[in-house]
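Breakdown of the fold
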Amino acid sequence: MKAKESTAILAEICDWITILAQSLPPRAIRTFLELLIGAMVTSSGFVTQAWLALDMQKHWTSYYKFLQKGRWSWLNLAQTFLKIVLSQINDDVLVLAIDDTLILRASKKAPASKIHHQHGNKPNLAQYVQGQCWVTLAVVGKRSEGQSIAIPLLSRLMPNAGNSGKLRAAQTLIRSILTTILGRKVRLLIDSWYMRGKFIAAMLEHNIEVIGQVRHDTRLYESPAKREKGSRGRP
């Protein structure tokens, strides 16, 4: 990479970080910048690795309290980040994607940690694993080389009880960015688990096209009208 190109990239990154910092309270900006740069340096982006990657100026508990109990808005930060991403995408259609993933946890005391079916069928993992289920909303774009990439925007941790919560979480993630994507043609990519009538209908109400593989046991017709009581024949 040439020196001019690297300088231009660094300048653009600095501009983006400045815009992101404006969505936070002044006293939280320094802590946010340390964690952000630390996560960029690491390969996985975990907070513990970010804290170890840099010579942090504060104790670990300060960063924990910033993330867990800080008085700042994740939603404002995500919406600001989405505005930056949209400024770099010139496509006529904005493509979003929603999917859930498992984060393996060794401790049962971790928030919402329980036994999950490992539906990815990875050969190096057991069929059932201990972990957390996260539903993530991402923007799909293309690099200059033409390769498609997904940029995560927001994630939501699923509670211990219930399985239908993933549909509600997906709708919540979409609603949180509606004002930011207003006026754009939006297309949503989902897998077969989210191809349910209520979820698709909710997306269509927001003028969002839905693309996904329909489950083989999904009904593809309207519910028939109720017949009068006492009428003959099959309902």
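The following paragraphs examine the structure supplied in this document. Just so you know, these numbers come straight off a predicted model, no measurement behind them.

Right, let's talk about the packing of aromatic side chains for a bit. Within a pair of aromatic rings, the relevant descriptors are the distance that separates the centres and the angle that separates the planes. Using the criterion set out here, one finds five aromatic pairs in the structure. Look at W51 and W60: their rings are 5.9 Å apart centre to centre, the planes differ by 75 degrees, and that puts the pair in the edge-to-face class. With a relative accessible area of 29%, W60 lands in the partly exposed category. Pairwise contacts between aromatic rings join F66, W72 and W74 into one cluster. Sitting above the plane of the W193 ring, K166 keeps its charged end 4.3 Å from the centroid.

This part covers the pattern of salt bridges. One pass over the full model with this rule turns up four salt bridges. Across the pair E34 and R30 runs a salt bridge whose closest N-O atoms are separated by 3.9 Å. On the criterion of helical spacing, the pair formed by E34 and R30 is a turn pair, its members being four residues apart in helix 2 (residues 29-41). Under the relative-accessibility criterion, E34 is labelled buried at 13%. For the salt bridge of R187 with E209, the shortest nitrogen-to-oxygen distance reads 3.0 Å. Pair noted here: R187 is in strand 5 (residues 185-189) and E209 is in strand 6 (residues 208-211), with a separation of 22 residues, a long-range link. Using a relative accessible area of 32% as the deciding quantity, one classes E209 as partly exposed. Several salt bridges share partner residues, and in doing so they unite K185, R187 and E209 into one network.

Rules behind the numbers
- Residues numbered from 1 in each chain as written.
- Predicted model: local features only at pLDDT ≥ 70, side-chain atom pairs only at ≥ 80, totals over all residues.
- Heavy atoms only, no water.
- Phe/Tyr/Trp six-rings, centres within 6.5 Å; stacked < 30°, edge-to-face > 60°.
- Buried < 20%, exposed > 50% of the residue type's maximum accessible area, 1.4 Å probe, protein only.
- Lys NZ or Arg CZ within 6 Å of the ring centre and 35° of its normal.
- Salt bridge = Lys/Arg side-chain N within 4 Å of Asp/Glu carboxyl O.
- Helix = DSSP H or I, 4+ residues; strand = E, 2+ residues; numbered from the N terminus.

Nothing here speaks to function; it is geometry throughout.
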